[in-house]
Amino acid sequence: MASVRILGGRPLSGEVAIGGAKNAGLLALAATPLTDDPVIIENLPRLEDIRTMETILCGLGGKISHRESTTQICMKDFTGDPNGEAVTQMRASVCLLGSLVARRGRAVLPLPGGCAIGPRPIDLHLHGLQKLGCEIALRNGHIHVTAERLRGASLFLGGRHGSTVTGTANVLCAAVLAKGTTEIQCAACEPEVVDLCHFLQKMGAKIYDIGNPVLTVEGVDGLHGVRHRLIADRIQLGTFALLAPLAHGDFFLSPADPSHCGALLEALDRMAVPAEVGPNSIRVLGRRCLLRPTDLTTLPYPGFPTDLQAAMCVLMTQAEGISIITERVYPHRFAHLGELERMGASIALEGQSAIVKGPRKLTGAPTAAADLRGGACLYLAALAAEGESTVRNVQHVDRGYENFEEKLRKLGAVIERIP
Ligand code: EPZ
């Protein structure tokens, strides 16, 4: 159990180097069993979740090597089933089902558990794989997927909360080697899914209408190796963008793809936080802002990202009035509210909406992270608060933010890890 101590209330400013997208990297790694050839991924962030996925691939006989910012993965002649312990640690491992069943006709994986943000069902994943001709059996907490021959099909992947990111990735990884054409309706359009489509296309897959909610895939007989550079992590960027006004500083964030950040830029504009958008960067002018309250709802892309909901709650505590943020993707994703209240926030939870009263002066307090994005928001609140805070269980944050403390120190933050 790791903790950090943060001395807040200090103005921060400077440049932040945004790393490769964790969730694009996880989807690409899960697709590597689709070819015997070596695959090179550039800009793969060195994060717990990435290391966990690499452990799973090595457990299957994969060979992985790192050189500077490139990672080479070779999944030739892989055998066995994914390692149970590592799989239950990280939900995205469920994406291996599609690539494993596409390459060798079978896959066995422990059912991924829930987590602090709520239940994590995979019914849509399994529905999509079944439509492609897979037999699915649940035995002793494991999913057994088998397929004589995957066949293309038209399938709908929407659920109660809209599209599914990893579900779309799973079905894509199976469809690219299926016999015939697959149409995925209500496909996720997140930039990380688009990046996976580009990754697969460069491996020889035939995918059409990339970025649209209806994807068409023409199955091919085999895929070859690829060298691919991941997109920048828009959630990491958004986390720093929301910190800038909290820390009354100007942040220059790059690399960035502003076309991936539309909902965030709109929210900053509504709250009167000036931002300058460049071709490969975003500058957030947080120095002097009188924040306007706003009303936001998290939605599948291109809606406001659920992964920035917690950080946005923190910013809303400083707005001049009452703000509302409604969580439509993970209705239970509010474990951070109690911790923010300990720091002086006043947030009422009405169903799936957090009603945030502002402005409220935040003061340092001992807090604890319960999940990745909720934990990161506690760093933001601690940096905005007067006095000293501690955040326990920061191993959650280590899963998704590479060199987070170092990047914050570079901006002027006083933060140290407590052994
Ligand atoms: C991906 O999770 C991301 N993780 C999440 O980021 C992100 O919050 C989420 O997409 C939404 O953007 C990775 O990409 C590794 P979903 P995923 O399937 O794919 C329901 C982070 O912090 N659903 O798009 O698991 C589900 O319960 C993580 O980096 C079903 O009902 O999310 C949720 O309410 C957290 N049945 C909604 O759909 C299914 O079969 C969206 O889930 C699948 C999902």
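Analysis parameters
Numbers given for residues are sequential positions, taken from 1 along each chain in its written order. Only residues with pLDDT of at least 70 are given local features in this predicted model, and only at 80 or more are side-chain atom pairs given and counted; all residues enter the totals for whole chains, interfaces and linings. Hydrogens and water molecules were not included; the side-chain quantities draw on all heavy atoms of the structure. Partly exposed describes any residue whose relative accessible area lies between the buried limit of under 20% and the exposed limit of over 50%, with all areas from a 1.4 Å probe on protein chains only and scaled to the type maximum. A run of DSSP states H or I qualifies as a helix once it reaches four residues; a run of E qualifies as a strand once it reaches two. Both are numbered from the N-terminal end. Here a polar contact means two N or O atoms within 3.5 Å. Within protein one must be a hydrogen donor candidate and the other an acceptor candidate, and residues neighboring in sequence count only if both atoms are side-chain atoms. Strand pairing is defined by DSSP finding a minimum of two bridges between the two strands. Convention adopted: a line fitted to C-alpha atoms gives each axis, helices being fitted over their contacting stretch, and angles between N-to-C directions are expressed from 0 to 180 degrees. Whether two residues are in contact is decided by their heavy atoms, any of which lying within 4.5 Å being enough. Being near a molecule or strand, for a residue, means having at least one of its heavy atoms within 4 Å of it. Method for areas: the Shrake-Rupley scheme with a 1.4 Å probe, in which residue coverage is limited to the protein chains shown. Each residue gets one label: Ala, Val, Leu, Ile, Met, Phe, Trp, Tyr, Cys and Pro are nonpolar, Asp, Glu, Lys and Arg are charged, and the others, such as Gly, are polar. Residue ranges labeled as domains rest on an automatic or database domain assignment. A quick way to say it: buried area is the sum, across both parts, of accessible area lost when two parts are put together, with a 1.4 Å probe. Any Lys or Arg side-chain nitrogen found within 4 Å of a carboxyl oxygen on Asp or Glu counts as a salt bridge. Oblique is the label for any angle not covered by the other classes, which are roughly parallel (under 35 degrees), roughly antiparallel (over 145) and roughly perpendicular (65 to 115). Handedness of each helix crossing follows the sense of rotation of the near helix against the far helix: counterclockwise by less than a right angle gives left-handed, clockwise gives right-handed.

For the rest of this paragraph, the subject is helix 6 (residues 165–175). The buried fraction of helix 6 is high, at 10 of 11 residues. N-cap assignment for helix 6: the residue whose side-chain oxygen lies 2.9 Å from the backbone N of Gly167 is Thr164.

Once that is clear, we can look at the pairing of strand 16 (residues 281–285). Strand direction decides the pairing type here: strand 14 (residues 250–254) and strand 16, joined by four bridges, are antiparallel. Looking at strand 16, one finds that Leu253 is bridged to Ile282. Strand direction decides the pairing type here: strand 15 (residues 275–278) and strand 16, joined by four bridges, are antiparallel. Directly across from Gly278, in strand 16, lies its bridge partner Ser281.

Moving on, we get to the pairing of strand 19 (residues 346–350). Each regular strand shows side chains that alternate between the opposite faces of the sheet. Inspection of the sheet shows strand 19 paired to strand 20 (residues 353–357) by five bridges, in the antiparallel sense. Each residue of the ladder has a partner; that of Leu349, found in strand 20, is Ala354. The turn linking strand 19 back onto strand 20 is made up of two residues, and Gly351 within it adopts a positive phi angle of 65°.

Pairing within the open sheet is mixed, and its four strands lie in the order 21-22-1-23. The two strands at the open ends of the sheet, each matched to only one other strand, are strand 21 (366–368) and strand 23 (414–418). Averaged over all neighbouring strand pairs, the angle between strand axes comes to 20°, with direction disregarded. Looking at chain direction, strand 21 and strand 22 (residues 387–392) are connected through three bridges and run parallel. The partner of Pro366 across the bridge, within strand 22, is Thr390. Each of strand 1 (3–8), strand 21, strand 22 and strand 23 is contacted by helix 12 (residues 372–384), which is oriented at about 30° to strand 1, the strand it contacts most.

With that settled, consider the side chain of Thr317. By secondary structure assignment, the location of Thr317 is in the loop between helix 10 (309–316) and strand 18 (322–327). For Thr317, a relative accessible area of 1% gives the class buried. Within the structure, Thr317 has its side chain in polar contact with the side chain of Gln318 (distance 2.8 Å). The contacts of Thr317, once residues within four sequence positions are left out, are Ala345, Ile347, Val356, Lys357, Gly358, Pro359, Arg360 and Leu362.

Around the ligand, a shell composed of 24 residues is seen, among which Arg91, Thr164, Thr166, Asp307 and Val329 lie nearest. For the ligand, an oxygen atom lies 2.7 Å from a polar atom in the backbone of Leu124. Between the ligand and Thr166, the relevant distance is 2.6 Å, taken from an oxygen atom to a side-chain nitrogen or oxygen of the residue. Taking 820 Å² as the accessible area of the ligand by itself, protein coverage stands at 91%. In the shell around the ligand, the residues fall into 10 nonpolar, seven polar and seven charged.

Segmentation of the protein chain into domains returns domain 1 (3–19 + 232–418) and domain 2 (22–229). Computed over C-alpha atoms only, the centres of domain 1 and domain 2 are separated by 30 Å. Residue-level contacts link 22 residues of domain 1 with 20 residues of domain 2. Together domain 1 and domain 2 conceal approximately 1800 Å² of surface at their shared face, both sides included; 55% is due to carbon and sulfur atoms. Counting across the domain 1 and domain 2 interface gives two salt bridges. Where domain 1 meets domain 2, there are seven residue pairs in polar contact (both at pLDDT 80 or more). Residue composition of the side of domain 1 that touches domain 2, grouped by class: eight nonpolar, four polar and 10 charged.

Between Ser254 and Pro255 the backbone carries a cis peptide bond, its omega angle lying at -5°. Summarising the element assignment, Pro255 is placed in the loop between strand 14 and helix 9 (262–270). Located in the positive-phi region is Asn140, a residue other than glycine, with phi close to 45°. Following the sequence through the fold, Asn140 ends up in the loop between strand 7 (135–139) and strand 8 (142–146). With relative accessibility at 77%, the residue Asn140 sits in the exposed group.

Our focus in this paragraph is the packing of helix 5 (residues 123–131) against helix 6. It is the contact of helix 5 with helix 6, at a shortest axis distance of 8 Å, that shows an interaxial angle of 20°. Put simply, helix 5 runs roughly parallel to helix 6. Seen from above, helix 5 lies across helix 6 with right-handed handedness. Here His125, Gly128 and Leu129 of helix 5 come into contact with helix 6, specifically with Thr166, Gly167, Asn170, Val171 and Ala174. Grouping the constituent residues of the contact of helix 5 with helix 6 by class yields three nonpolar, five polar and no charged.

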